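As a plain string of letters, each chain reads:
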Amino acid sequence: MSEAEQLPASAPEAAAAAVLEALNATDSNGTEAINATAKFVATPEGTALAYGSLVCMALLPIFFGALRSVSCSKSKNGSDMPETITSRDAARFPIIASCTLFGLYLFFKVFSQEYINLLLSVYFFGLGVLALSHTMSPLMSKVFPASFPNKQYQLLFTQGSGESKEEIVNYEFDTKNLVCLLISSVVGVWYLLKKHWIANNLFGLAFALNGVELLHLNNVSTGCILLGGLFVYDVFWVFGTNVMVTVAKSFEAPIKLVFPQDLLEKGLEASNFAMLGLGDIVIPGIFIALLLRFDVSLKKNSRTYFYSSFLAYIFGLGLTIFIMHTFKHAQPALLYLVPACVGFPVIVALFKGELTEMFRYEESPPEEAGPKEDPSETEKKDQ
């Protein structure tokens, strides 16, 4: 797997792949009752609590990630700059995700599941610590008093010397960031040793929020291409083969949100979970975040498209859970989420007469710091 749900990756599809390939590979079907293998019959109260908690946990990273994406789009800090997904990236992403999913399936068939999951645990430990630290950072800035001695640090790694010197890593951080890293490391060790579902969810929420915040679609058309392609991807791998379900049951990593259906009976030691793959949060989430930034660009002091798509997501996720619970079969959540999240805002735009304006909205990536062009050269080009 490539650079994961870490902060910005080296390429949009690489960043998205980690937040999605494994994510959808884990359980893109919304919620899946693991109790089929445990002969556990959940009570109506336990089932309602588990599903309700999953819905609430899914909404949190979308809502706050979308809000943070607005300021992120204006950021000039290298560590906070988003990765922009273009239409070309969106078109080939379902193919990349499918290849990765099938590759994981073959890996689990050929190699020992125990050793693969051990490597994945260590890999996601590092990514989870970074993601959780980045998520906590704005909160820590408000918690610490103004008198707190906040020292600045810089991690610089270069290659070469003299005029040929090239920066490989240039990361600036402060004491508050170190505190966040320490707290996140404690959670990481807890997850690594116990694999507790609360630690899993803390990492999962951090991955989802970072994905929504830092992965940006450049326009609505790109969003439609991405969601449409993954709509087909999700339906095919869930209904057409057993690959998705096999990987979901074998893959042990914090790339899904889980909540026990036997919490009322066993407390924090509960072990029969309903789960929601992070891909079903991040992919609709980055589209909802795009609509929020479109709302901001209209400068009408309203969030019509954001709230309409957010409510559509709640409706689509609720419908997924209802159908899954009724038919007792894994469901591809994007089958219901994509039409809802795209259809509702489009209907609103048609009603308001802003459909053309919506599809013309283009979000350019933040300007990166770099060598400025010589003014004399610019004049020559103009001439």
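To start, this report covers the structure provided alongside it. Bear in mind the structure is a predicted one, so any value in this text is a computation, not a measurement.

Concerning the overall build of the chain
Then step 1. Along its length, the chain carries 14 helices and six strands.
Then step 2. Split into buried and exposed, the 383 residues of the chain put 51% on the buried side.
Then step 3. Of the contacts made within the chain by residues no fewer than 6 positions apart, 78% connect residues no fewer than 24 positions apart.
Then step 4. Total accessible area computed for the chain in this model is approximately 18,700 Å², and 63% of it derives from carbon and sulfur atoms.

Points about the side chain of E213
Then step 1. Inspection of the secondary structure puts E213 in helix α6 (residues 197-214).
Then step 2. Residue classification places E213 among the buried residues on the basis of a relative accessible area of 6%.
Then step 3. At 3.2 Å, the side chain of E213 and the side chain of R68 are in polar contact.

Focus on the packing of helix α11 (residues 304-327) against helix α12 (residues 334-352)
Then step 1. At a minimum axis distance of 8 Å, the contact between α11 and α12 shows a crossing angle of 150°. For the pair α11 and α12, the crossing hand works out as right-handed. Side by side, α11 and α12 meet where T304, Y305, S308, S309, A312, Y313, F315, G316, L317, L319, T320 and I323 of the first sit next to Y336, L337, A340, C341, F344, P345, V348, A349 and K352 of the second.
Then step 2. In terms of residue class, the contact of α11 with α12 is built from 15 nonpolar, five polar and one charged.

Some thoughts on the pairing of strand β5 (residues 256-260)
Then step 1. The buried count for β5 comes to five of five residues, which makes it a mostly enclosed element.
Then step 2. Side chains K256, V258 and P260 of β5 all project onto a buried face; the interleaved residues L257 and F259 project onto the opposite face, where all are buried too.
Then step 3. Relative to strand β6 (residues 273-277), β5 runs antiparallel, the two sharing five bridges. Each bridged residue has a counterpart across the sheet, and for V258 the counterpart in β6 is M275.

Re the packing of aromatic side chains
Then step 1. Summed over all chains, the structure comprises 17 aromatic pairs.
Then step 2. Each ring, one from F236 and one from W237, has its centre 5.0 Å from the other, and the planes form 75°; the classification is edge-to-face.
Then step 3. Residue F236 is classed as partly exposed on the basis of its relative accessible area, which comes to 43%.
Then step 4. Given the relative accessible area of 10%, W237 is considered buried.
Then step 5. Counting every residue linked through ring pairs, the aromatic cluster contains F63, F64, F306, Y307 and F310.

Quick look at a nonpolar patch on the surface
Then step 1. The grouping of Y115, L118, V122, V189, L192 and L193 at the surface amounts to a nonpolar patch, some 610 Å² of accessible area in total.
Then step 2. Of all the secondary structure elements, the ones that give two or more residues to the nonpolar patch are α4 (113-143) and α5 (175-194).
Then step 3. Mapping Y115 onto the fold places it in helix α4.
Then step 4. Of the residues examined, Y115 reaches a relative accessible area of 56% and is grouped as exposed.

Criteria and thresholds
Residues numbered from 1 in each chain as written. Predicted model: local features only at pLDDT ≥ 70, side-chain atom pairs only at ≥ 80, totals over all residues. Heavy atoms only, no water. Helix = DSSP H or I, 4+ residues; strand = E, 2+ residues; numbered from the N terminus. Buried < 20%, exposed > 50% of the residue type's maximum accessible area, 1.4 Å probe, protein only. Contact = heavy atoms within 4.5 Å. Areas by Shrake-Rupley, 256 points an atom, 1.4 Å probe, with all protein chains shown as cover. Polar contact = N/O pair within 3.5 Å; in protein donor to acceptor, adjacent residues only side chain to side chain. Axes fitted to C-alpha atoms, helices over the stretch in contact; angles between N-to-C directions. Left-handed = near helix turned anticlockwise from the far one by under 90°. Nonpolar A, V, L, I, M, F, W, Y, C, P; charged D, E, K, R; others polar. Pairing = 2+ DSSP bridges. Phe/Tyr/Trp six-rings, centres within 6.5 Å; stacked < 30°, edge-to-face > 60°. Patch = residues over 30% accessible without salt bridge, like charges linked within 9 Å, V, L, I, M, F, W, Y side chains within 5 Å. Salt bridge = Lys/Arg side-chain N within 4 Å of Asp/Glu carboxyl O.

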